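Coordinates in review
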Amino acid sequence: MAYIEFKNIDKYYGDNHVLKGINLEIKKGDFVTLLGPSGCGKSTLLRCLAGLEQISGGQILLDGEDITDKDPKDRNIGMVFQQYSLFPNMNVEENLSFGLKLQKLSSDEISRRVRDAIDMVELKGKEKEYPGNLSGGQQQRVALARGIVMQPKVLLLDEPLSAIDAKLRKSLQTSIRRIHKELGLTSVFVTHDQDEAMVMSDVIHLFHDGVIEQSGTPVEVYTKPVTSFAAGFIGNYNILDSRAMKRLTGKEWKNGQIAIRPETFLLSRDEITTEDYCMQGTITDSVPRGNVLRYSINVNDVEIYADVLFRSMSMYNVGDKVNVGVADHNCVRL
Amino acid sequence: MRTEKKKSHVGAKIAIIVIIAYLLLPLIMTFIYSLFQEWIDIAPTGFTLAAYTELFTDPLFWKAVGRTVVISIIPIILCTVFVLLAMYVVVVYHPEWDKMIQILCTIPYAIQGVILPICVLSLYSSAPEPFGDRMFMLVATYMVVILPYVYQGIRNNLNGVGAPRLIEAAQMLGASKFYAFFRVVIPNIMGGVTISVMLAMAIVFGDFVIINTLAGGQFMTAQMYLYDIMKKSGQRTCAVIVVLFVVTLIISACAFFLQSKGKDRKDR
């Protein structure tokens, strides 16, 4: 049974139809990511779940209870914001105990919960610090601790890592994932970063223009995109029409688009016999992308991208002739 | 490079000293003049504290100062409360009203000093109580005069702390919007509010035109007392100016002390 249910959710801002009949179910304990470009409606849906935005139509259920018209304070949902939103006039301890005091818990219980939350986000020794004296990463840890200290039914994370540098982001990704597992939380994470979504999620819902374009596990969404948008957004796929595919492979293709992941191409100076389709092309550009080298290759006037591991042994130069192979099962019909 | 930096520091220090001297010189001269009977030659002669003794023993003066403080504080408190409530509605429920409120609150800037009390008098002098009451009119008029300063200070600070975000965060922790605004947002903008209040205080404290038009001779304030004394004795006039300056300084210091006390607690 679904723990969170969005039933036919519509949201308008004036004439702007931001969410178009969203139906979505989230299982208890899952780490779910709403992924998509800016303005696609992912944050709006999250804010609707939090109660910070009113929906224009539909119903939201949490643990079987209709929370559509409930105030945010009555939903028992924790939230971590992109800009931390810590209270500047309160120190770490006061920020964390703010909600607990409103619940009128005993001071012993408040102290215990605050201590546990601080330990969990590894901020011991910073209890008396004010947000202004903490780094961005530490502030986001406090925001995370404040989100979990209330023991919410659901933890919402609205692009919490987008204002943090790449190295720290990776460490926080690990922390969030660990805390999610340790506490057995149900978490809904919003991001526009497909790599982040891949690393963190149990399930990804890909948003585009107010609708869910595709849902699935990271592997499913990555390897089996169902639309050209999904293919373009998730895996930097080569998206080719049937004519381009014919020029590439020499075989007739049914009308429609075909998506091929850059890393599924095999490149070699020698003739390739192991792949279904083999062709020859010319390297037109090469761009290092961390541990991967991305080549632009012209094959019969069709420009494709191919990723290979960045080894100096196998490097090609611009203008080099290269044999390119790809397996049929890696040519995904959209 | 280091020498250039040093030079610019020296230049900045000289500029600051010149500005401070320029601002303090009239006050120092006024103070000196209030302590001497004559100042015909280069140096003043006939040191005396008579002007201050007379001033401090004159019950009229203290009444006037007391009235000034009261008619300054009441409109400032009321105006601040009303603006905060209005801003609560704007921030929490109707952000689209912000532009309209800004225009409304800026209008008093455009009204010349004497026009406002005359308009108020002609509109409300025959109005029933409490609107026809001179004190009521005075307080209400001062509220209008200081509105732009109080509003702008509060608005800038609300924008600065990101009030909507803080309210949302507090809501997610179980607070109502009202509680979040007054218990989370307001403590974070108190520094800015204090500065706005001091500015408003300075404006009301120094007013003569409005009080003279609305209250006339029935209600003597410090400014009117000063105006009265000016006709009698130059030395006592200087003493009044110095005492009023000190009173304003004490009020400002108290306000900043209270505000910095809160800030210290925050920084500890």
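Residues numbered from 1 in each chain as written. Chains lettered and ligands numbered in written order. Predicted model: local features only at pLDDT ≥ 70, side-chain atom pairs only at ≥ 80, totals over all residues.

1. Quick look at the overall build of chain B
Heads up, the rule is: Numbering goes from the N terminus for both helices and strands, where a helix is a DSSP run of H or I of at least four residues and a strand is a run of E of at least two. Every C-beta atom is placed from the backbone, and the number of other C-beta atoms within 10 Å of a residue's own sets its class: buried at 20 or more, exposed at 12 or fewer, partly exposed in between. The contact criterion used is a C-beta to C-beta distance within 7 Å, with each C-beta placed from the backbone.
For chain B, the count of helices and strands is 11 helices and 2 strands. Reading the helices (α) and strands (β) of chain B from amino to carboxyl end gives α-β-β-α-α-α-α-α-α-α-α-α-α. In terms of its C-alpha atoms, chain B occupies a principal-axis envelope of roughly 70 × 70 × 35 Å. Relative to its full complement of 268 residues, chain B shows a buried share of 29%. Taking as baseline every contact in chain B between residues at least 6 positions apart, the subset at least 24 positions apart corresponds to 73%.

2. What about the overall build of chain A?
On a plain count of helices and strands, chain A comes out with 9 helices and 18 strands. For chain A, buried positions account for 40% of its 334 residues. Put simply, 63% of the contacts in chain A that link residues at least 6 apart link residues at least 24 apart.

3. Some details on the interface of chain A and chain B
The following threshold applies: The classification used treats Ala, Val, Leu, Ile, Met, Phe, Trp, Tyr, Cys and Pro as nonpolar, Asp, Glu, Lys and Arg as charged, and all other residues, Gly among them, as polar.
Each partner contributes to the interface: chain A provides 19 residues, whereas chain B provides 16 residues. Looking at the side of chain A that touches chain B, the elements with two or more residues in it are β6 (77–80) and α2 (92–102) of chain A. Among the residues forming the side of chain A that touches chain B, the class breakdown is 12 nonpolar, 6 polar and 1 charged.

4. Digging into α2 of chain A
All names here are of chain A. Turning to α2, its buried residues are Val 92, Asn 95, Leu 96, Ser 97, Phe 98, Gly 99 and Leu 100. Buried positions along α2 lie against α3 (107–120) and α4 (136–149). Positive phi shows up at Lys 104, right after α2, with a value of about 60°.

5. As for the nonpolar core
For clarity, the threshold we go by: Joined through C-beta atoms within 7 Å, a set of buried Ala, Val, Leu, Ile, Met, Phe, Trp, Tyr and Cys residues constitutes a nonpolar core.
Ranked by size, the top nonpolar core spans 129 residues in total, and within it Leu 49 and Leu 156 of chain A together with Ile 146 and Val 185 of chain B carry the most contacts. Sorting elements by how many residues they give to this core places helix α6 (residues 134–161) of chain B first, with 12 residues. Non-local contacts of Leu 49 of chain A, meaning those with residues more than four positions away in its chain, are made with Ile 4, Ile 60, Ile 77, Leu 156 and Val 188 of chain A. With 13 residues, the next largest nonpolar core counts Leu 55, Val 240, Val 242 and Leu 244 of chain B among its residues.

6. Details of the sheet that holds strand β4 (residues 57–62) of chain A
All names here are of chain A. Operational definition: When DSSP locates at least two bridges between a pair of strands, those strands are taken to pair. Throughout, an axis means a line fitted to C-alpha atoms (over the contacting stretch in the case of helices), and angles, computed between N-to-C directions, take values from 0 to 180 degrees.
Overall, antiparallel pairing links the 4 strands, which are arranged β2-β1-β4-β5 in an open sheet. The open sheet is flanked by β2 (16–26) and β5 (65–66), the only strands paired with a single partner. This element, helix α1 (residues 42–50), spans β1 (4–13), β2 and β4 of the sheet and lies at about 115° to β1.

7. As for the environment of Phe 229 of chain A
All names here are of chain A. Within the secondary structure, Phe 229 sits in helix α8 (residues 228–235). Look at Phe 229 and you get buried, because 20 C-beta atoms sit within 10 Å. If sequence neighbours within four positions are ignored, Phe 229 has contacts with His 208 and Glu 213.

8. A word on the confidence of the model for chain B
All names here are of chain B. Stated precisely, the cut-off is as follows: Confidence per residue, as judged by the predictor, is encoded in pLDDT with a range of 0 to 100.
Of the residues in chain B, 94% reach a pLDDT of 70 or more, and the chain-wide mean stands at 85. For chain B, helix α11 (residues 234–267) is the element with the lowest average pLDDT, namely 78, and helix α7 (residues 163–172) is the one with the highest, namely 94. Under the prediction, the complex receives an ipTM of 0.83, its pTM being 0.79.

9. Description of the environment of Arg 294 of chain A
Residues and elements named next belong to chain A. Along the chain, Arg 294 turns up in strand β15 (residues 292–299). Judged by local crowding, Arg 294 falls into the partly exposed class, with 17 C-beta atoms found within 10 Å. For Arg 294 and Arg 243, which are 51 residues apart along the polypeptide, the C-alpha to C-alpha distance reads 24 Å. Ignoring anything within four residues of it in the chain, the contact list for Arg 294 reads Pro 262, Ser 286, Val 287, Arg 289, Tyr 305 and Asp 307.

10. Quick notes on the pairing of strand β17 (residues 321–326) of chain A
All names here are of chain A. Where strand β13 (residues 266–268) meets β17, 3 bridges bridge the pair, whose relative direction is antiparallel. Bridged to Leu 267 within β17 is Val 324. Taken together, the 6 bridges between strand β14 (residues 277–289) and β17 define a ladder with antiparallel strand orientation. Looking at β17, one finds that Thr 282 is bridged to Lys 321.

11. Remarks on the packing of α2 of chain A against α4 of chain A
Residues and elements named next belong to chain A. Basically, it comes down to this: Note on angle classes: values under 35 degrees are labelled roughly parallel, values over 145 roughly antiparallel, values of 65 to 115 roughly perpendicular, and the remainder oblique. We call a crossing left-handed when the near helix sits turned anticlockwise from the far one by less than a right angle, and right-handed when that turn is clockwise.
As a packed pair, α2 and α4 sit with axes 9 Å apart at the nearest point and diverge in direction by 25°. Considering their axes alone, α2 and α4 lie roughly parallel with respect to each other. The way α2 lies across α4 gives a crossing that is right-handed. Where α2 approaches α4, its residues Val 92, Asn 95, Leu 96 and Leu 100 are matched on the opposing element by Val 142, Ala 145, Arg 146 and Val 149. Residues of the contact of α2 with α4, tallied by class, amount to 6 nonpolar, 1 polar and 1 charged.

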